[in-house]
Amino acid sequence: MTQTQLTIALTKGRILKETLPLLKAADIEPIDDILSSRKLLFETNHPHIRLMILRGSDVTTYVRFGTADMGIAGKDMLMEHLAEDNHSKDKGIYELLDLNIAKCRLMTAGLKGQRSDGLKRIRVATKFTEIAEQYYAEKGVQAEIIKLYGAMELAPVMGLADEIIDIVDTGNTLKANGLEPWDSIADISSRLIANKASMKMKHEMIKSIVEKIRPVVAG
Ligand code: AMP
């Protein structure tokens, strides 16, 4: 009998380097050099397990549709995806484990010394538009959300927005552009996720991977 296939979607970039030791703990190793190769789909030491390399925002999409059974994505991407899902009532993803890697914070930020809480209506530039809509609605702030795909820090500097919502790690990027962090929206780290249907159909396989990774990330 052929063994059930399992596809795991990984986030490329800085998260990937920290992800590989966790997969190794679960005895999953890509055959090619995943860090230097330009390939996007990798065979592993297990003929039935494949790895995909995607942008963080696409990992949740592949897992939600079940094209990938499992995935590793930042909590920021999961929050954005869940906020989107609240509109469609479709919640196809389980969050299985906090991997405690790629830790950072999702924050509001703006020009240093120019915070004004008195504005009736603000403009906010971010790539996290769903999180932003929810955040300002809960605060009762009227916010016009402007979608940007990168270099959010420029928006307040150039007068496009009053504030931004972005990922902050050391705060150096904000500082280098004359900005300062304001409010913290959420602590972020990478999470192991699974498609809900895969979780039922491939339960033993997924459970075995989770149980091997859990002791490595605990605490
Ligand atoms: P920093 O200058 O250290 O505050 O880093 C901030 C920049 O790095 C932001 O523009 C983020 O897009 C990116 N960044 C830092 N940490 C992460 C992370 N864990 N996940 C995704 N992006 C991050």
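Residues numbered from 1 in each chain as written. Predicted model: local features only at pLDDT ≥ 70, side-chain atom pairs only at ≥ 80, totals over all residues. Heavy atoms only, no water.

**Focus: the nonpolar core**
Moving on, step 1. Ranked by internal contacts, the top residues of the largest apolar core, which has 29 residues, are Ile8, Leu10, Leu99 and Ile213.
Moving on, step 2. When contributions to this core are tallied by element, the ones reaching two or more residues are β1 (6-11), α1 (14-25), β3 (49-54), β4 (70-74), β11 (190-195) and α8 (203-217).
Moving on, step 3. A total of 6 residues in this core trace back to one element, the largest contributor, which is α8.
Moving on, step 4. When sequence neighbours within four positions are dropped, the list of residues in contact with isoleucine 8 reads Ile28, Ile49, Arg50, Leu51, Met52, Met70, Gly71 and Ile209.
Moving on, step 5. Within the second largest apolar cluster, 15 residues are counted, among which are Val124, Phe128, Ile131 and Ala143. (Core = buried A, V, L, I, M, F, W, Y, C linked by side-chain atoms within 4.5 Å. Buried < 20%, exposed > 50% of the residue type's maximum accessible area, 1.4 Å probe, protein only. Helix = DSSP H or I, 4+ residues; strand = E, 2+ residues; numbered from the N terminus. Contact = heavy atoms within 4.5 Å.)

**Things to note about the site of the ligand**
Moving on, step 1. The ligand sits among Arg14, Ala102, Cys104, Glu153, Asp166, Ile167, Val168, Asp169, Thr170, Gly171, Asn172 and Thr173.
Moving on, step 2. The separation between an oxygen atom of the ligand and a polar side-chain atom of arginine 14 is 3.4 Å.
Moving on, step 3. The backbone of asparagine 172 places a nitrogen or oxygen atom 3.5 Å from an oxygen atom of the ligand.
Moving on, step 4. Alone, the ligand offers 480 Å² of accessible surface; in the complex the protein occludes 77% of this.
Moving on, step 5. Applying the majority rule of atoms within 2 Å of the grid points places the ligand in the largest pocket.
Moving on, step 6. Elements with a minimum of two residues in the shell around the ligand: β9 (163-168) and α6 (172-176).
Moving on, step 7. Here the element with the most residues in the shell around the ligand is β9; it accounts for 3 residues.
Moving on, step 8. Of the residues that constitute the shell around the ligand, the class distribution is 4 nonpolar, 4 polar and 4 charged. (Near = heavy atom within 4 Å. Polar contact = N/O pair within 3.5 Å; in protein donor to acceptor, adjacent residues only side chain to side chain. Areas by Shrake-Rupley, 256 points an atom, 1.4 Å probe, with all protein chains shown as cover. 1 Å grid on protein atoms, 1.4 Å probe; cavity = no way out; pocket = protein on both sides within 12 Å on 5 of 7 lines; lining within 4 Å. Sits in = over half its atoms within 2 Å of the grid points. Nonpolar A, V, L, I, M, F, W, Y, C, P; charged D, E, K, R; others polar.)

**Some remarks on the environment of alanine 155**
Moving on, step 1. With respect to the element layout, alanine 155 can be found in helix α5 (residues 154-158).
Moving on, step 2. Measuring from C-alpha to C-alpha, the distance between alanine 155 and glycine 110 comes to 9.1 Å, with 45 residues separating the pair along the chain.
Moving on, step 3. With residues near it in sequence (within four places) discarded, alanine 155 still touches Ala125, Leu148, Leu160, Ala161 and Ile164.

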